[in-house]
Amino acid sequence: MKLPPTLLAAFLLSMVTSVFGAENRPSSAPLVVSHLRCEGLDAPTLVDTPAPRFSWQMESAERGARQSAYQLRIAEIRPHGEAIDPPLESPRITSDVSQWVEFPSLTVKPKTRYQWQVRVWDHEQHDSGWSAPTPFETSLLGGEWLADWLSDGHTVATPTPDSDSHKKRPPPPPAAARYFRKTFDLPNQPVSARLYLSAFGLVEPWINGQKATNDLFLPGWPDYKIRNFYVAYDVTPLLHSGPNTLGLILGEGWYSSWLAGGQAGPTPKVSAWIEVTDASGQKSIVATDASWQWAEGPITANGIYPGEDFDARKEDAAWCQPAGGAWNWQPVKVEDKSPVELNARISQPVRRIEELKPISRKEVSPGVFIYDLGQNMVGWARLKVQAPAGQAIQLRFGEMLNPDGSLYTKNLRAARATANYIAKGQGLETWEPRFSFFGFRYVELSGITVPADDAITGVVVHSDLPRIGHFECSNPLLNKLYSNTLWGQKGNFLEVPTDCPQRNERLGWTGDAQVFCHTANFNLNCGAFYRQWAAALRDSFDKNGYANVAPKVFNGSGVPGWSDAGVIVPWMTYLHTGDRRMLEENFEIAQRSIDQFANANPSGLRVIKKGFGDWLAPGYPAGKAPTPLALIATAYFARSTELVAQMAEVLGKPEIAAKDRALLETIKTAFQKEFITPDGKVSSEEQTAYLLALGFDLVPAELRPQTIQHLAQAIADKDNHLSTGFLGTPLLAPVLSDSGLSELAYKVVLQDTYPGWLFSVKNGATTIWERWDSWTPDKGFNKDGMNSFNHYAYGSVVGWFYDTIGGLKLDASSPAWKHFVIAPTSGGGLKSAKASVETPYGRAASDWKIQGDRFDLAVTIPANTSATVHVPAKDSNAVTESGQPANKANGVKFLRFENGKAIYEVGSGTYQFESKAK
Ligand code: BGC
């Protein structure tokens, strides 16, 4: 038998003696424990809780394999790397729980490295033996921040926030980056050194002439009025005995951006320290303080929206070397302590993830070259040129081209989105920006007469979240739509979930985020990303509700469909990941949000004056779509109330849940009275009105069939096209499928004429457009400046690709895929489809094919989980599994035959169902 790589690795591991001794025993069955995660991450940078939670996967070739017990082991790692003996061992615990497990009575120490192991027993008491030891490191755990905060001493006045300021205010000229430095002596070679780092602004740390990390946009983007983040790095290999230099390059970032007028203040500040331990265990600290110096260097301008300017003639490699350098070094100003709490960042940082080579280069006017990367992407271009000293080279970025082939930049609005480079004139020069990013497919290069083909490389940059989902089907246009959505997520998951990556917004618009959250959780592992962003949602909360953008950089809150992100994102992420802390941390304010709505609207009908409505529904100016605001507000009020009630149930608060459920009934009654007619029509008769009523379960059961018919009619009235905006669109395909109208769902999804998803695909889109008509062959670009070509909201249909076409459905009563449903829905002429997700327990997959009247369905259920599988069939006798009648197959239990599907309960394993569907 050929062992899968992890099984093989475990076998080999069992042959070697671990640091814990010779206790590993190969199991008698091939049972392996793998994918060890602390706080949900394979490699958490800092664990910021005294009671970390541990997760693992069990792998077994046996069908129906379940965990029956586990044991944990943990040990501190000394600076030298050897574990402290003896490790702490839990008793053997009888349980099938393998996610988010706390180590009984363990409290970890701050600033300490640990390694942990787990061992599991399956349902037949096979023993996996101890896993490989897996390390993690703890944060300061609330301990003191030991360094001063430094700035260059200039103060810039803070503009006042207002909701539209970003559109009206002209951007000031971008500032130069500040370089900070300090040289210090170490008497001995350190055995361990940790750099703790934070900034109001963005910081890139250097030690002795080398970058201390490749992580980008540090320390991240919190709501600076409430908190800031810090990060930590092991910098031991960069230090030595004798003189060393720590250098910090400080950029403007989000903190000082002119857009962020509502934030604490625009002068960036930095703070850092290195904690050094030598061989004798002696600790010393090198921290930012009044003895540091600062200077301007080659980054002559920087900012998220403007871009970056770099004068390579000013480079001085000695700036971060003990020998010093030629710049005009000046004393720093020591600023007040951080006015807000500092938290270890818990989400993966932004990193360079992949590179794209141009597919073409054209000289569009003399000396102006356009490089096409073939894909709308986010990040920047790496420039590689040979030019005389002082030569000014410019890079501009655009998502589209004008009809004459020049760069289309109108949709960038006030974002300068330009990089300027002045050559040093010393052979081949390579440069990339670091404190800005751009949303683009095309790069315009000017200032160089004959650039090389490889002068430009696209560097794709985003939060480094692991890809966990895959989807593919027999329709290439749907596959392209899937790919466009994935690229939309990559481009807009840069530190926070943003609306768009290119113009003068790039903000955590909460409505966009909530409609995309289910899809996002399928594509990438977003657990820590959303948990971190949820803090910004909580921080944004005010008397009206959660804000329209989080971090809250300008006023505006409580808008239906936007404010609800504070409830929907934590709940949805909890369902995908099983992380209860998502609920524990967010419940209180989520509850407050519905209480506030309830107090202001005792009848249950939420009447408000302002909102965005069904944003950008086709055919209407922004904010003017016809679905009534009160209908949207009341429907979302119901939705949030229902989810908060579910949160309360999970968290063991039955009285609160009962109170919320009573409120839900009041809202439903009010909704029905106000908006539903006795013949099941929803007033306004817009698709979105029907979708909200049906999707949020607001229609009385007896009227539902009629309401569904009215919805079908509203779609037929549009020639089977959608008429939905940001709020209606995500519900369209799911509601139709759940209402028994899958063929209609396919029909609408497959429309390739305006307005429809495949319209943009047919017209060359490589990401999701903000508007259904961002560009049309007859009208060209939408006249409105608000016209992004990378807005993921309409990509929310991809959740339906996974859970309905592929059929991988979460079971809300069993989060994290512990139990789930596989119910593929064919249609739309598809011959095959496959969907898979790396769930917390392992890979879940569905892969179906239609051949004549045969329906083949291969499914994979991870060990320690189970699934209910729906196989389309003409009757229950028409189904086999791996050649056996399905109801007799090993590990398969026939449940019932219903609506043309034979339904089975299966344990873990892979299964091949074949059925006669007709
Ligand atoms: C953003 C949106 C957002 C909307 C709400 C726009 O400017 O780009 O995606 O949700 O404003 O008004």
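Residues numbered from 1 in each chain as written. Predicted model: local features only at pLDDT ≥ 70, side-chain atom pairs only at ≥ 80, totals over all residues. Heavy atoms only, no water.

## Notes on the overall build of the chain
Consideration 1: Across its full length, the chain holds 15 helices and 49 strands.
Consideration 2: Relative to a compact globule of 918 residues, whose C-alpha radius of gyration would be 29 Å, the chain shows 29 Å and is just as compact.
Consideration 3: Of all 918 residues assigned to the chain, the portion counted as buried reaches 62%.
Consideration 4: Partitioning the intrachain contacts of the chain with sequence separation of at least 6 by distance along the chain shows that 75% fall at a separation of at least 24.
Consideration 5: Surface summary for the chain: the accessible area is close to 33100 Å², and the carbon and sulfur share equals 52%. (Helix = DSSP H or I, 4+ residues; strand = E, 2+ residues; numbered from the N terminus. Rg over C-alpha atoms; globule rule 2.2 N^0.38 Å. Buried < 20%, exposed > 50% of the residue type's maximum accessible area, 1.4 Å probe, protein only. Contact = heavy atoms within 4.5 Å. Areas by Shrake-Rupley, 256 points an atom, 1.4 Å probe, with all protein chains shown as cover.)

## Quick look at the sheet that holds strand E42 (residues 842-851)
Consideration 1: Spatial ordering of the open sheet is given by E34-E41-E42-E43-E49-E45-E46, a layout of seven strands whose pairing is antiparallel. Because the sheet does not close on itself, it has two edges, and the strands there are strand E34 (469-473) and strand E46 (884-885).
Consideration 2: Across the face of the sheet, helix H15 (residues 798-805) comes into contact with E34, strand E41 (832-839) and E42 while running at roughly 75 degrees to E34. (Pairing = 2+ DSSP bridges. Axes fitted to C-alpha atoms, helices over the stretch in contact; angles between N-to-C directions.)

## Observations concerning the packing of aromatic side chains
For any pair of aromatic rings, the description consists of the separation of the ring centres together with the inter-plane angle of the planes.
Consideration 1: Overall, the coordinates contain 61 aromatic pairs when judged by the stated rule.
Consideration 2: A centroid spacing of 4.9 Å and a plane angle of 75 degrees characterise the contact between tyrosine 224 and tyrosine 255, whose relative ring orientation is edge-to-face. Here the residue tyrosine 224 occupies a position in the loop between strand E13 (210-211) and strand E14 (227-234), and tyrosine 255 occupies one in the loop between strand E15 (242-251) and strand E16 (269-278), the gap between them amounting to 31 residues.
Consideration 3: Under the relative-accessibility criterion, tyrosine 224 is labelled buried at 1%.
Consideration 4: A ring pair is formed by tyrosine 408 and phenylalanine 781, whose centres lie 3.6 Å apart and whose planes are at 5 degrees; its orientation type is stacked. With a gap of 373 residues between them, tyrosine 408 in strand E29 (residues 407-408) and phenylalanine 781 in strand E38 (residues 780-781) connect regions that are remote in the sequence.
Consideration 5: With a relative accessible area of 4%, tyrosine 408 lands in the buried category.
Consideration 6: Of the aromatic side chains, those joined through ring pairs into one cluster are Phe471, Tyr482, Phe522, Tyr746, Trp800, Phe801, Tyr802, Trp817 and Phe820.
Consideration 7: Looking at arginine 345, its charged tip hangs above the ring of phenylalanine 229, at a distance of 6.0 Å from the centre. (Phe/Tyr/Trp six-rings, centres within 6.5 Å; stacked < 30°, edge-to-face > 60°. Lys NZ or Arg CZ within 6 Å of the ring centre and 35° of its normal.)

## Points about the pattern of salt bridges
Pairs may arise between side chains of opposite charge once their charged atoms sit close together.
Consideration 1: In the structure shown here, the tally under the stated rule is 51 salt bridges.
Consideration 2: Among the ionic pairs, arginine 361 bridges to aspartate 453, the shortest N-O distance being 3.6 Å. With a gap of 92 residues between them, arginine 361 in strand E25 (residues 360-365) and aspartate 453 in the loop between strand E32 (438-446) and strand E33 (456-463) connect regions that are remote in the sequence.
Consideration 3: Overall, the relative accessible area of 32% leaves arginine 361 in the partly exposed class.
Consideration 4: Judged by relative accessible area, aspartate 453 falls into the exposed class, the value being 58%.
Consideration 5: The shortest N-O distance in the salt bridge between glutamate 505 and arginine 503 comes to 2.9 Å. (Salt bridge = Lys/Arg side-chain N within 4 Å of Asp/Glu carboxyl O.)

## Section: the site of the ligand
Consideration 1: The immediate surroundings of the ligand are formed by Asp499, Arg503, Glu505, Trp509, Asp512, Trp562, Phe612, Trp615, Phe726, Glu770, Met786 and His791.
Consideration 2: Within the side chain of arginine 503, one N or O atom sits 2.6 Å away from an oxygen atom of the ligand.
Consideration 3: At a separation of 2.8 Å, an oxygen atom of the ligand approaches a polar side-chain atom of glutamate 505.
Consideration 4: When the free accessible area of the ligand is taken as 310 Å², the share hidden by the protein chains comes to 98%.
Consideration 5: Along the lines of polarity and charge, the residues of the shell around the ligand split into six nonpolar, one polar and five charged. (Near = heavy atom within 4 Å. Polar contact = N/O pair within 3.5 Å; in protein donor to acceptor, adjacent residues only side chain to side chain. Nonpolar A, V, L, I, M, F, W, Y, C, P; charged D, E, K, R; others polar.)

## Structural notes on the sheet that holds strand E47 (residues 892-898)
Consideration 1: Ordered by their spatial adjacency, five strands build an open sheet running E39-E40-E44-E48-E47, and the pairing between neighbours is mixed. Strands with a single pairing partner mark the edges of an open sheet, and in this sheet they are strand E39 (808-810) and E47. Strand after strand, the sheet turns through a mean of 25 degrees between neighbouring axes, direction not considered.
Consideration 2: One ladder, built from three bridges, connects E39 with strand E40 (residues 819-822); its direction is antiparallel. Across the sheet, the residue bridging to leucine 810 is phenylalanine 820, located in E40.

## Considerations on unusual backbone geometry
Consideration 1: Cis peptide bonds are those with omega within 30 degrees of zero, and the linkage from leucine 218 to proline 219 qualifies with 0 degrees.
Consideration 2: The step from tyrosine 754 to proline 755 runs through a cis peptide bond, and the omega angle for that step is -10 degrees.
Consideration 3: Inspection of the secondary structure assignment puts proline 755 in the loop between helix H13 (742-749) and helix H14 (757-762).
Consideration 4: Backbone geometry places glutamate 495, a non-glycine residue, at a positive phi of 75 degrees.
Consideration 5: Structurally, the position occupied by glutamate 495 is in the loop between strand E35 (493-494) and strand E36 (496-497).
Consideration 6: Even without glycine at this site, aspartate 697 takes up a positive phi of about 60 degrees.
Consideration 7: Given the relative accessible area of 38%, aspartate 697 is considered partly exposed.

## Things to note about the nonpolar core
Consideration 1: Formed by 215 residues in total, the largest nonpolar core has its most connected members in Phe217, Tyr530, Phe801, Ile805 and Phe913.
Consideration 2: Counting 28 residues, the second-largest nonpolar core is a separate cluster that includes Leu150, Ile207, Leu218 and Leu238. (Core = buried A, V, L, I, M, F, W, Y, C linked by side-chain atoms within 4.5 Å.)

## Some thoughts on the confidence of the model for the chain
Consideration 1: Confidence in the prediction for the chain averages 93 pLDDT; 94% of positions are at 70 or higher.
Consideration 2: Low pLDDT, under 50, characterises residues 1-27; the predicted model gives this stretch 38 contacts beyond four residues in sequence or across chains.
Consideration 3: Low pLDDT, under 50, characterises residues 261-265; the predicted model gives this stretch 19 contacts beyond four residues in sequence or across chains. (pLDDT = per-residue confidence, 0-100.)

## Concerning the pairing of strand E27 (residues 392-398)
Consideration 1: Examined bridge by bridge, E27 and strand E30 (residues 418-422) share five bridges and lie antiparallel to one another. In the strand pairing of E30, isoleucine 393 is matched with tyrosine 421.
Consideration 2: In this structure, E27 lies alongside E32, joined through five bridges in antiparallel fashion. Following the sheet pairing, leucine 395 is matched in E32 by leucine 445.

## Notes on the side chain of aspartate 579
Consideration 1: Considering the arrangement of structural elements, one finds aspartate 579 in the loop between helix H6 (565-577) and helix H7 (581-600).
Consideration 2: Classification of aspartate 579 as buried rests on a relative accessible area of 4%.
Consideration 3: Of note is the side chain of aspartate 579, whose polar atom sits 2.7 Å from the side chain of arginine 53.
Consideration 4: With residues up to four places along the chain from it excluded, the contact list for aspartate 579 reads Arg53, Trp100, Arg531 and Tyr574.

## Points about the packing of helix H3 (residues 476-492) against helix H4 (residues 510-523)
Consideration 1: The contact between H3 and H4 brings their axes to 11 Å, and the two run at 95 degrees. As judged from the angle between their axes, H3 and H4 are roughly perpendicular. Contact residues: Tyr482, Thr485, Leu486 and Gln489 in H3; Phe516, Thr519, Ala520 and Asn523 in H4.
Consideration 2: Among the residues forming the contact of H3 with H4, the class breakdown is four nonpolar, four polar and no charged. (Parallel < 35°, antiparallel > 145°, perpendicular 65-115°, else oblique.)

## Considerations on the state of the cysteines
Structurally, a disulfide amounts to a covalent bond that connects the sulfur atoms of two cysteines.
Consideration 1: For the structure on display, the rule yields zero disulfides.
Consideration 2: Here cysteine 500 stays unpaired: no disulfide links it, and the sulfur of cysteine 526, its closest cysteine neighbor, is 19 Å away.
Consideration 3: Overall, the relative accessible area of 0% leaves cysteine 500 in the buried class. (Disulfide = S-S within 2.5 Å.)

## Re the pairing of E32
Consideration 1: Summarising burial for E32: nine of the nine residues are buried, a large majority.
Consideration 2: Summarising the sheet, strand E26 (residues 368-386) and E32 pair through eight bridges and their orientation is antiparallel. Paired with isoleucine 370 across the strands is glutamate 444, a residue of E32.

## Some points on the environment of histidine 126
Consideration 1: Within the element layout of this structure, histidine 126 appears in the loop between strand E7 (113-122) and strand E8 (134-137).
Consideration 2: When the C-alpha positions of histidine 126 and serine 908 are compared, they lie 16 Å apart, and in sequence the two are 782 residues distant.

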